[in-house]
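Secondary and tertiary structure notes
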Amino acid sequence: MITIRQERPSDQSPREVLLDRAYGAIRFRKPSQKIRAGRLPAEGLSFVATHRGRIIGTVRLWNVSAGGKAALLLGPLAVHPDYRSRGIGAGLMSHAIESAQRLGHGAIILIGDEPYYCRFGFSAAATGDLRVPGPFEQRRLLGLELVTNALEGARGMIAGNGSRIPATDPRHTPSASPARKRPRAA
Ligand SMILES: CC(C)(COP(=O)(O)OP(=O)(O)OC[C@H]1O[C@@H](n2cnc3c(N)ncnc32)[C@H](O)[C@@H]1OP(=O)(O)O)[C@@H](O)C(=O)NCCC(=O)NCCS
């Protein structure tokens, strides 16, 4: 049975291995990684999918300022290649969106493929005046308003504003995985 639950500290290492498998080293050079760098995920909004105790999917949400408007940045979302097209990505997305709504957040932003994320209500309609650090394709910057007009007037740079990772905390950093040496985020 596939289970979706809150991420635990012990999930960190297998989660990093999963992300390496799903994205490769390019994940450290993505604009969204620049927004997340040095920050902890939003409280209560990191989830994993498991099968027989194995981590097979992951999604996190991060507190950001979207041109001055409070929002969440979603990502990375990944499902292990052996488990794709079974609705696990959709399950993680629905769980993340419902949890964010329950916690009172107004909007979620992500950078990704509209043909996949449109099924969850994401579109570029309210993100046209937003920017992310570094080169990006505007059509891939997508938003979902959980509260009507939460992104209205959102204009400018998206910047992480969640809690900073304590200097002594080895979690939530790419080097946390013992599996291999990783390149630093660009
Ligand atoms: C994207 C991802 C999380 C989907 O996980 P999943 O568990 O397979 O998702 P679901 O089962 O809910 O949906 C699968 C469907 O989405 C489609 N899909 C997957 N990625 C897609 C994309 N980038 N654009 C459009 N459709 C996509 C699949 O073809 C599949 O279609 P089908 O149902 O007709 O077979 C997974 O493919 C993954 O980890 N990819 C690598 C990381 C990545 O690219 N993530 C971000 C996507 S922008």
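These numbers come from a predicted model, not from an experiment. (Residues numbered from 1 in each chain as written. Predicted model: local features only at pLDDT ≥ 70, side-chain atom pairs only at ≥ 80, totals over all residues.)

1. Section: the overall build of the protein chain
Per the secondary structure count, the protein chain includes four helices and nine strands. The N-to-C order of helical and strand elements in the protein chain reads β-α-α-β-β-β-β-α-β-α-β-β-β. Its C-alpha radius of gyration of 16 Å places the protein chain within 12% of the 16 Å reference for a compact globule of 186 residues. Along the three orthogonal principal directions, the C-alpha set of the protein chain runs to about 45 × 35 × 30 Å. The 186 residues of the protein chain split such that 32% are buried. (Helix = DSSP H or I, 4+ residues; strand = E, 2+ residues; numbered from the N terminus. Rg over C-alpha atoms; globule rule 2.2 N^0.38 Å. Buried ≥ 20, exposed ≤ 12 C-beta atoms within 10 Å, placed from the backbone.)

2. With respect to the site of the ligand
Inspection of the region around the ligand gives 16 residues, with Arg 84, Gly 89, Ala 90, Gly 112 and Tyr 116 positioned closest. Elements with a minimum of two residues in the shell around the ligand: α1 (12-23), β5 (78-79), α3 (88-102) and α4 (114-117). Counting residues per element, the shell around the ligand draws most heavily on α3, which supplies three residues. Of the residues that constitute the shell around the ligand, the class distribution is nine nonpolar, four polar and three charged. (Near = placed C-beta within 6 Å. Nonpolar A, V, L, I, M, F, W, Y, C, P; charged D, E, K, R; others polar.)

3. Looking at the pairing of strand β2 (residues 46-51)
Here strand β1 (residues 2-6) pairs with β2 via five bridges, running antiparallel. Within the sheet, the bridge partner assigned to Gln 6 lies in β2 and is Phe 47. Of the pairings in the sheet, the one linking β2 to strand β3 (residues 54-66) comprises six bridges and is antiparallel in character. Bridge pairing in β3 places His 51 opposite Arg 54. Connecting β2 to the next strand, β3, in antiparallel fashion are two residues, including Arg 52 with a positive phi near 50°. (Pairing = 2+ DSSP bridges.)

4. With respect to the confidence of the model for the protein chain
In this model, the protein chain carries a mean pLDDT of 92, and residues with pLDDT of at least 70 account for 90%. When the criterion is pLDDT under 50, residues 174-186 qualifies, and its contacts beyond four places in sequence or with other chains add up to 26 contacts. (pLDDT = per-residue confidence, 0-100. Contact = placed C-beta atoms within 7 Å.)

5. Brief notes about unusual backbone geometry
Peptide bonds are trans in most cases, and residues, glycine excluded, mostly fall at negative phi. Geometrically, the link from Gly 75 to Pro 76 is a cis peptide bond, its omega value of -10° lying close to zero. Structurally, Pro 76 can be placed in the loop between β4 (69-74) and β5. Residues other than glycine seldom take positive phi values, yet Arg 52 does so here, at roughly 50°. Within the element layout of this structure, Arg 52 appears in the loop between β2 and β3. Overall, the presence of 8 C-beta atoms within 10 Å leaves Arg 52 in the exposed class. Phi is positive for Asn 149, which is not a glycine, with a value near 65°.

6. Regarding α1
Given 3.6 residues per turn, any residue in an α-helix points the same way as the ones three and four places further on. For α1, built from twelve residues, the straight-helix expectation of 16 Å at 1.5 Å per residue is met to within 8% by its first-to-last C-alpha distance of 16 Å. Arg 15, Glu 16 and Leu 18 are the residues of α1 that are buried. Projected onto a plane normal to the axis of α1, the buried residues spread over an arc of 160° and lie on a single side. Tucked into the core, α1 has its buried residues touching β2, β3 and β5. Gly 24, located one to two residues past α1, shows a positive phi value of around 70°. (Expected span 1.5 Å × (residues − 1). Arc of directions from axis to C-beta.)

7. Notes on the nonpolar core
It is characteristic of soluble globular proteins that their nonpolar side chains tend to be buried jointly. Leu 61, Leu 72, Leu 73, Ala 96 and Ile 108 are the most contacted members of the largest nonpolar core, which totals 41 residues. Elements that contribute at least two residues to this core include exactly β2, β3, β4, β5, α3, β6 (107-111) and β8 (141-145). If one sorts the elements of this core by residue count, β3 sits on top with seven residues. Residues contacting Leu 61, with those up to four places away along its chain left out, are Pro 41, Ala 42, Leu 45, Leu 72, Leu 73, Leu 74, Ala 96, Ala 100 and Ile 108. (Core = buried A, V, L, I, M, F, W, Y, C linked by C-beta atoms within 7 Å.)

8. Points about the environment of Asp 113
Within the secondary structure layout, Asp 113 lies in the loop between β6 and α4. A residue is classified by how many C-beta atoms lie within 10 Å of it, and Asp 113, with 12 of them, is exposed.

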